[in-house]
Amino acid sequence: MNTDSNQYTKHSAPSLIGRAGGESTGGESLKHKTAQGLIWSGFSNGVVQLLGAAFGLWLINILAPEDYGKMAALVIFSNIASVLQESGFTAALANKKEPTHEEYNAVFGFNVIVGIVLYVLLFFAAPFIADFYHEPVLCPLGRFAFLGFVFSCFGTAQRAYLFGHLMVKQTSIMQMASITLSGIVGVCLAYAGFAYWGLAAQSLVYVASVTAFAWYFSPWRPTLSAIRAPRETLKPAWQMFGFSSKLLVNSLAFQFNNNAFGVLLNRFFPGGHVAGIYSNARKWDDMAIATIGGMVQGVAQPVLRAGGESGSAVFRKLLRFTCFVSFPCLLGLALIAEDFIVLLAGEKWHESALLLSMLCVYGAFSPVVTLYSNLVISRGRSTINMVIGLLNCAFVWGGIIALHTLGYGLTAMVIFYVVLNIAWLIVWQESARRLIGLSWWHAFKDIAPFFVFALAVMAAAYFATHALPISWLRMLLRILIAVVLYVGSLWIARAQILRESIEYIFKRKR
């Protein structure tokens, strides 16, 4: 494939929302491009997560839980700064039918200014962060790790262009190359004895690589008008801020939700061991979620917006596909979690296995939540997204703090987190019912069969192999049995989504 960015200066990139040479967004065109985007997103996310898993396994055999615990303490600060710097403008630009150069330029200028200001603030806040966790080393480590969102701020507009124009192939190459470069750096530094510094450097190299590749693939370039007339240049950003600000608050809530354990466990259990054990379990769950959720995230918002009046039918098709893929993958990881962790990471990480199994149950529903969230955004209802995110975040933090106060341990906290986030799907479904008229019965019919089939298959695979004493053989047989039973049972049940997926794959090969 020709990856030269110059080709995009002559011809607009293909898009589901009519930005490419007047292509139709209706009927077969939408269906074809959605399928193409899902396949490329799925391939990309699959390869990225496999590469991440390979480098991750390499690293956890070298490093200790405490090393990961130190990085987990800092992640929330970097993530929140990145969210503030991006401020929801990627989705805001994607939600526009024809974003102008001035709007991209305004977003670029805003992100650079905010990114640099935030780094300066966190640079001086680093000693207070170290005092909060009673870990002096977090001061220099934080100042180094926080450089990541400075690198990131120079590529937000370019990534928004790639996302809004569904340049999925280019995004795939960007991600695969970046994860490879950063993984090599992380492993080399870990072998050299740099421990958690190697993890921080790996993160920085990944962000810097993504930004560099985004500049290479995106034909859009900023102009220097911000220097001559900064107020006029940034004006389009302020006009979009009414929409993007809601997404900003929702993204902040998401980060507080996802990183609650990283903050609280380091505070509740000093030393970083408990936080590191949880961080390892969460990392593998997040990788599996990202493979499915990233595939959906890459196309969902533009596709749902392009679906227009047929939004309910388009959403239900995406919902069935998401459940069809997500439930067996995540529940399958829960099935093999213990053998996977002990065999590939070593006995020192055994405590992570049970946590991973529990987190995967929530993880199975996480891409479904991502899809619902994209539906709300595609309808321009960012306020709903914001309120749902804030309420969920408040319940997560309140529940974890309450459980710790009552004397409960990590396992009880994780169970609470899993149950709450699955139950939160009820809130998302009610929003979908109000926005596109998706009835509870239709949602149940789209979700429940795939969950029941996947759960039954995993149970059968578990009991069929439970007595096997050889862990690697047990893990392989569980995977094989689960795949055969799941595909076979859906084929016998005449699941339309399975047949359509197979037909599309073979059609593409021909």
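Higher on the page you've got the structure.
Scope of this entry: the structure provided in the associated data block. Only a predicted model underlies this, so the values are computations on that prediction, with no experimental measurement involved. (Residues numbered from 1 in each chain as written. Predicted model: local features only at pLDDT ≥ 70, side-chain atom pairs only at ≥ 80, totals over all residues. Heavy atoms only, no water.)

A word on the overall build of the chain
Selection criterion: Helix and strand definitions follow DSSP, with helices as H or I runs of at least four residues and strands as E runs of at least two, each counted in order from the N terminus. Each residue is placed in one exposure class: buried if its accessible area under a 1.4 Å probe, protein chains only, is under 20% of its type's maximum, exposed if it is over 50%, and partly exposed if it falls in between. Contact between two residues is taken to exist if any of their heavy atoms lie within 4.5 Å; hydrogens are not considered.
When its secondary structure is counted, the chain shows 23 helices and zero strands. Considering the chain as a whole, with its 510 residues, one finds that 55% of them fall into the buried category. Across the chain, every contact between residues at least 6 apart in sequence was considered, and the portion connecting residues at least 24 apart equals 84%.

Concerning the packing of helix H21 (residues 440-465) against helix H22 (residues 471-492)
Short version of the rule: Only the stretch in contact is used when fitting a helix axis, every axis being a line fitted to C-alpha atoms; angles between N-to-C directions are given from 0 to 180 degrees. Whether a crossing is left-handed or right-handed is set by the direction in which the near helix is turned from the far one by less than a right angle, anticlockwise for left-handed and clockwise for right-handed. For this classification, Asp, Glu, Lys and Arg are treated as charged, while Ala, Val, Leu, Ile, Met, Phe, Trp, Tyr, Cys and Pro are nonpolar and the rest, including Gly, are polar.
Close contact between H21 and H22 brings their axes to 9 Å; oriented N to C, the two are set at 145 degrees. In this structure, H21 meets H22 at a crossing whose hand is right-handed. When H21 is examined against H22, the residues Phe450, Phe453, Ala454, Val457, Met458, Ala460, Ala461, Tyr462, Ala464 and Thr465 are found in contact with a partner set consisting of Arg474, Leu477, Arg478, Ile481, Ala482, Leu485, Tyr486, Ser489 and Leu490. For the contact of H21 with H22, the class distribution of residues is 15 nonpolar, two polar and two charged.

Points about the nonpolar core
Under the convention used in this document: By nonpolar core we mean a set of buried residues, namely Ala, Val, Leu, Ile, Met, Phe, Trp, Tyr and Cys, connected to one another through side-chain atoms within 4.5 Å.
Counting residues in hydrophobic clusters, the biggest one holds 143 residues, and the most contacted among them are Phe261, Trp284, Phe324, Tyr372 and Val414. Here this core takes 19 residues from helix H16 (residues 311-345), the largest share from any one element.

Let's talk about the pattern of salt bridges
Rule in force here: Any carboxyl oxygen of Asp or Glu that lies within 4 Å of a side-chain nitrogen of Lys or Arg is treated as forming a salt bridge with it.
A complete count under the given rule lists seven salt bridges for this structure. Note that arginine 320 is salt-bridged to aspartate 446, the shortest N-O span being 3.2 Å. Residue arginine 320 is found in helix H16, and its partner aspartate 446 is found in helix H21; the two are separated by 126 residues along the sequence. Aspartate 446 gets classed as buried once you look at its relative accessible area, which sits at 2%. In this structure, the salt-bridge partner of aspartate 339 is arginine 478, at a minimum N-O distance of 4.0 Å. Of the two residues, aspartate 339 sits in helix H16 while arginine 478 sits in helix H22, which places them 139 residues apart along the sequence. For aspartate 339, a relative accessible area of 5% gives the class buried. Members of the salt-bridge network, linked through shared partners, are Arg316, Arg320 and Asp446.

Notes on the environment of proline 449
Examined against the element boundaries, proline 449 turns out to sit in helix H21. Under the relative-accessibility criterion, proline 449 is labelled partly exposed at 33%. Taking C-alpha positions, proline 449 is 9.6 Å from arginine 320, a pair spaced 129 residues apart along the chain.

Looking at helix H19 (residues 410-423)
Structural remark: α-helix, 3.6 residues per turn; residues separated by three or four positions point the same way. Test applied: Given a helix with a known number of residues, its expected span is that number minus one, times 1.5 Å.
Spanning 14 residues, H19 covers 20 Å between terminal C-alpha atoms, matching the ideal 20 Å at 1.5 Å per step. For H19, every residue scored as buried is listed here: Leu410, Met413, Val414, Tyr417, Val418, Leu420 and Asn421.

Description of unusual backbone geometry
The phi angle of most residues is negative, glycine excepted, and most peptide bonds adopt the trans form. The residue histidine 134 is not glycine, and still its phi comes out positive at about 60 degrees. Despite not being glycine, alanine 195 shows a phi value in the positive range, around 50 degrees. Turning to its location among the elements, alanine 195 is positioned in the loop between helix H9 (168-191) and helix H10 (196-217).

A look at a nonpolar patch on the surface
Selection rule: Patch membership requires more than 30% relative accessible area and the absence of a salt bridge. Residues of like charge join within 9 Å; the nonpolar side chains Val, Leu, Ile, Met, Phe, Trp and Tyr join within 5 Å. For every accessible area listed, the method is Shrake-Rupley and the probe measures 1.4 Å; residues are considered covered only by the protein chains on display.
On the surface, a nonpolar cluster with roughly 680 Å² of combined accessible area is contributed by Leu343, Leu344, Ile470, Trp472, Leu476, Ile479, Val483 and Val487. Contributions of two or more residues to the nonpolar patch are made by H16 and H22. Of the residues forming the nonpolar patch, the biggest block, five residues, is contributed by H22. Along the chain, leucine 476 falls in helix H22. Relative accessible area serves as the criterion here: at 47%, leucine 476 is assigned to the partly exposed category.

Examining the packing of helix H17 (residues 351-378) against helix H20 (residues 425-436)
Their axes nearest at 10 Å, the elements H17 and H20 cross at an angle of 30 degrees. H17 and H20 meet at a crossing whose hand is left-handed. Facing Phe365, Val368, Val369, Tyr372, Ser373, Leu375 and Val376 of H17, the residues of H20 in contact are Leu425, Trp428, Gln429, Ser431, Ala432, Leu435 and Ile436. When its residues are assigned to classes, the contact of H17 with H20 shows eleven nonpolar, three polar and no charged.

Some points on the side chain of serine 209
Mapped onto the secondary structure, serine 209 falls in helix H10. Aside from chain neighbours lying at most four places away, what touches serine 209 is Ser178 and Leu181.

Section: the packing of aromatic side chains
Think of a pair of aromatic rings as described by two things: how far the centres are apart, and how the planes are tilted against each other in angle. To be explicit about the condition: In this analysis, rings of Phe, Tyr and Trp, with Trp reduced to its six-membered ring, are considered paired at centre separations within 6.5 Å, and the interplanar angle assigns stacked below 30 degrees, edge-to-face beyond 60, and tilted for intermediate values. In this analysis the charged atom, NZ for Lys or CZ for Arg, is taken to sit over a ring once it is within 6 Å of the ring centre and within 35 degrees of the ring normal.
Here the structure, examined in full by the defined rule, presents 29 aromatic pairs. Here the aromatic rings of tryptophan 284 and phenylalanine 340 are separated by 5.3 Å at their centres, their planes lie at 85 degrees, and the arrangement is edge-to-face. Of the two residues, tryptophan 284 is situated in helix H14 (residues 273-297) and phenylalanine 340 in helix H16; the sequence distance between them amounts to 56 residues. Assessed through its relative accessible area of 4%, tryptophan 284 is described here as buried. The class of phenylalanine 340 is buried, set by a relative accessible area of 14%. With a centroid separation of 6.3 Å and an interplanar angle of 25 degrees, the aromatic rings of phenylalanine 324 and tyrosine 486 are classed as stacked. Of this pair, phenylalanine 324 sits in helix H16 while tyrosine 486 is found in helix H22, placing the two residues 162 residues apart along the sequence. Grouping residues by exposure puts phenylalanine 324 and tyrosine 486 together as buried. An aromatic cluster of at least three residues, connected via ring pairs, comprises Tyr104, Phe108, Phe154, Tyr161, Trp215 and Trp220. Directly above the ring of phenylalanine 123 sits arginine 143, whose terminal nitrogen or CZ lies 4.1 Å from the centroid. Here the basic side chain of arginine 267 rests over the ring of phenylalanine 132, its NZ or CZ set 4.6 Å away from the ring centre.

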